[in-house]
Amino acid sequence: MTAQQHCFHCGDENPPGSDFKVNINGVTEKMCCPGCEAVAQTIIDSGLTSYYEHRSQPAEKGSTVVPEELSQLAYYDIQQIQEDFVKNSDNLSEITLSIEGINCPACAWLIEKQLRSLPGLAFINVNTTLNRSVIRWDKEQLKLSQILQEIHKVGYKAYPFQVNKQEAYYTQQAKSYLRRLGLAGLATMQVMMFAIALYSDFFAGMEEEFIDYFRWVSFILATPVLLYSAQPFYFNAWRNLRNHTLGMDIPISIALLGAYTASAYATVTGRGEVYFESVSMFTFLLLLGRLLELRARRKASETSSNLLRLLPSMATLLEDPDNLQIQSVIPAKTLTVGQYILVKPGEIIPVDGVIIDGESNIEESMLTGEHLPVKKAKSAPVFAATVNISSPLIILVEKLGNNTLIADIIHLQDSAQLNKPKIEVVADTAAKYFVAGLLVVATLTYISWSFIAPEQAFWITLSVLVATCPCALSLATPTALTCATAQLNKQGILIKQHHVLETVNKINHIVFDKTGTLSKGNFSLLNTHCYSDYSRQACIDLAAQLEKNSEHPISIAFKKQQKNTVLLTKVVNKPGQGLQADYSGKTLKLGHGVFCAVAVDNTIKSKELIIYMTLDGELIAAFELGDELRSSAEPMLTYCHQHNINSTMLTGDHSLKSEEVCELLGIGYLQKGVTPQQKLQYIEKLQRQDKVMMVGDGINDAPVLAGTHVSVALASGTDIAKNSADVILLGEELTKLAVLHQMAKKTTDIIKQNLIWALGYNIIIVPLAVTGHVPPYVAVLGMSFSSLIVVSNSLRLLK
């Protein structure tokens, strides 16, 4: 029977008179039933035609009718599976995908263009340095499996980012390049021996048959190089052409195929020159450049991957935290919130949680960049990937997987590069049109040299095609930003917005909050002044009960000394002013003098922070609170003076302590006793003349943080402040601001160097190649190493 008598999909015999068919690779193939027809069409529509090319046997009819690669995509829509890698906020879901096959910005543009047409897709950004994509979509309109299928349609393979899979893909890709490189290298050595002999007239006087014999041997040796070693360039070029885009592999493929075809024709006919050594050498050098670039890119992206590798695979589960005898070792992935685990000395903590029992030193350098262990006891928070050093701890599991701090750090690193800086957008746009211009120039070059020196036309055109390198232009900015972000993460500096490094480089004024920023925020109650029949303890109890509704560091001082619970109603928190509540039918206020309407005669003159409490407008108590400056505040202000950066302290505190802090630290300007709205107005006025950075930690800092050129929040601050900030500092060191400033300057310098090199190289090499002054081997070396130089230069930021 002929092939048309059997179903192309399942292999069963086609019933007489059936007319089920599908067009596969340009050929109309018959199917036995509508089921096979529907499945085959789905396979083709999903871009999985290769299933039919590589299958070893026909598919089963009516059961395993969809290739495993396609059917498995549907599994990603299962909620339990998505919990491991999808973050949900509002009505949008977000995922970071690893994408195989990305070689240049044209690949990223193609994927973004394909997915933006999907209904329900809110955001997509493809990072060519990391080979990752961040995608946000409306789960009510769009399924994750549909997103993955669309990426498959344009010829790329995508899956949720996981360190092990990413490592496996890198290893596979590196081995593939090495195999192809090895074959090309061996063939190049053999073919070059014959080529050198032919060009140097070593065979002078030899019969023509022997010269033809050497040409045929070169043809045989170069063929596997062209068909196997150079495959990656053809696949990428075909993918670009199929999707109507232009990538750098198109001129490369034209050059290789052109040289091989011309040489094969000359060998068969016995007339003309052969370029087999060029085909082999070009392929070898191009593959070498791609392999070195692959390794350089991996080094740039491995920092975040290394963080995830810190997480342990196993954990010790306690059924009862009071009975250490009943314990079991289970996979850490199977833990759930609310369970108890035992972490022994020397072990890595697998989750975010709180200490229930025990006291130990914790190594948190992988998160904060500070290498001194932190002493933690009962009720203290602990974080995944940190190391328990000295004593066993019993920990209550609070956060797992994507919700842990370490996962947030990696997420912030990727998010920082979601929106491209203007300079990168311009470079990408230029690179996109660069290839089209290159093909036009190469065509005109061939036509011109055909009249000037026909024997040189092919060589010179070949040099033009392979000499230029738009990829270096597109890699100049993203590689530098990726390396800088990774290095800052290691120092405990988390960047949330893409513009931070670009803007920090221009900062000439830093505005500091006082409480919890310049000071530690560890308040202690120094004195209590009573002005009514209420006892000292009764006043403290009232103040402590009110402060339970506040996240301000002041609340800790009162909570430590509270002995009795007091019934309060209608509690209102007024950030930057104080708290208010109803107590026994009267209005109770706690805050600064202006908020409590304290008469000037009753105010206390002190350099410490004074908090007043009134009941129906009558002063009943005043509290004197002490705080300690951070040890890193003074060196940070010294750095500001050395680099001509102006400084201002912006605080809601009315006390004389503000002047004392400014004088002690050498802060240039002071604005005290200001409300959150007044803070914002001051910053807006200041930003008309300066580039401003604001550093704060509290609820009253949130509006001004959101409105500043660059805003920085301390990790010890409130959630609302951290959400409003562009940068989060882990740990207690304000000198990390100096690290951020220095890194921003260094990153800007690296980007400028990369762009100067990329533009300068192309501006110089194109005229030289067109005028015939660049031999093909020099052209291919220049093109191969141009991108490598840009990536290697960016890698200096990791040191």
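These numbers come from a predicted model, not from an experiment.

*Asks:* Tell me what's going on with the environment of Glu502, and back it up with residues and numbers.
*Replies:* Mapped onto the elements, Glu502 comes out in helix α17 (residues 500–504). Of the residues examined, Glu502 reaches a relative accessible area of 35% and is grouped as partly exposed. In this structure, the C-alpha to C-alpha distance between Glu502 and Ala744, residues 242 residues apart in sequence, is 6.7 Å.

*Asks:* Please give an account of the sheet that holds strand β21 (residues 578–583) that cites residues and values.
*Replies:* The strand order across the open sheet formed by 6 strands is β19-β24-β23-β22-β21-β20, and the pairing between neighbours is antiparallel. Each having just a single partner strand, β19 (524–530) and β20 (569–574) make up the two edges of the open sheet. With strand direction ignored, the average angle separating the axes of adjacent strands in the sheet is 15 degrees. In this structure, β20 lies alongside β21, joined through 4 bridges in antiparallel fashion. Paired with Val572 across the bridge in β21 is Gln580. Sheet contacts for helix α19 (residues 536–547): β19, β20, β21, β22 (586–591), β23 (609–615) and β24 (618–626); angle to β24, the most-contacted strand, approximately 75 degrees.

*Asks:* Outline the packing of helix α9 (residues 231–242) against helix α10 (residues 249–269), supporting the account with residue identities and numerical values.
*Replies:* Relative orientation of the contacting elements α9 and α10 amounts to 125 degrees, with a least axis distance of 8 Å. One element, α9, and the other, α10, form an angle in the oblique class. Of the two possible hands of crossing, α9 and α10 adopt the one that is left-handed. Residue-level inspection shows Pro232, Phe233, Tyr234, Asn236, Ala237, Asn240 and Leu241 of α9 in contact with α10, the latter providing Asp249, Ile250, Ile252, Ser253, Leu256 and Leu257. Looking at side-chain class alone, the contact of α9 with α10 contains 9 nonpolar, 3 polar and 1 charged residues.

*Asks:* How would you explain the nonpolar core if you had to name every residue and give the values?
*Replies:* By size, the foremost hydrophobic cluster in this structure holds 52 residues, and its most contacted members are Leu501, Ile510, Leu518, Met636, Met693 and Leu740. Looking at this core, the element that brings in the most residues is helix α16 (residues 470–490), giving 10 residues. The contacts of Leu740, once residues within four sequence positions are left out, are Leu488, Ile493, Ile495, Val500, Leu501, Val504, Met693 and Val727.

*Asks:* Please provide a residue-by-residue account of the pattern of salt bridges, values included.
*Replies:* The tally for this structure, following the rule as stated, stands at 9 salt bridges. Measuring nitrogen to oxygen at the nearest pair gives 3.3 Å for the salt bridge that ties Lys375 to Glu359. Taken together, the residues Lys375 in strand β13 (residues 374–376) and Glu359 in the loop between β11 (352–357) and β12 (360–363) connect sequence positions 16 residues apart. Residue classification places Lys375 among the exposed positions, given a relative accessible area of 61%. Notably, a salt bridge pairs Glu608 with Lys657, separated by 3.8 Å at the nearest N-O pair. With a gap of 49 residues between them, Glu608 in the loop between β22 and β23 and Lys657 in helix α22 (residues 657–665) connect regions that are remote in the sequence. Three or more residues joined by partner-sharing salt bridges are found here, namely Glu608, Lys657 and Glu660.

*Asks:* Could you give an account of the confidence of the model for the protein chain, with specific residues and numbers?
*Replies:* Considering every residue of the protein chain, the mean pLDDT works out to 80; 82% of them sit at 70 or more. Low confidence marks residues 62–67, where pLDDT is under 50. Its contacts with residues over four positions away, or in another chain, come to 9 contacts.

Rules of the game
Residues numbered from 1 in each chain as written. Predicted model: local features only at pLDDT ≥ 70, side-chain atom pairs only at ≥ 80, totals over all residues. Heavy atoms only, no water. Helix = DSSP H or I, 4+ residues; strand = E, 2+ residues; numbered from the N terminus. Buried < 20%, exposed > 50% of the residue type's maximum accessible area, 1.4 Å probe, protein only. Pairing = 2+ DSSP bridges. Axes fitted to C-alpha atoms, helices over the stretch in contact; angles between N-to-C directions. Contact = heavy atoms within 4.5 Å. Parallel < 35°, antiparallel > 145°, perpendicular 65-115°, else oblique. Left-handed = near helix turned anticlockwise from the far one by under 90°. Nonpolar A, V, L, I, M, F, W, Y, C, P; charged D, E, K, R; others polar. Core = buried A, V, L, I, M, F, W, Y, C linked by side-chain atoms within 4.5 Å. Salt bridge = Lys/Arg side-chain N within 4 Å of Asp/Glu carboxyl O. pLDDT = per-residue confidence, 0-100.

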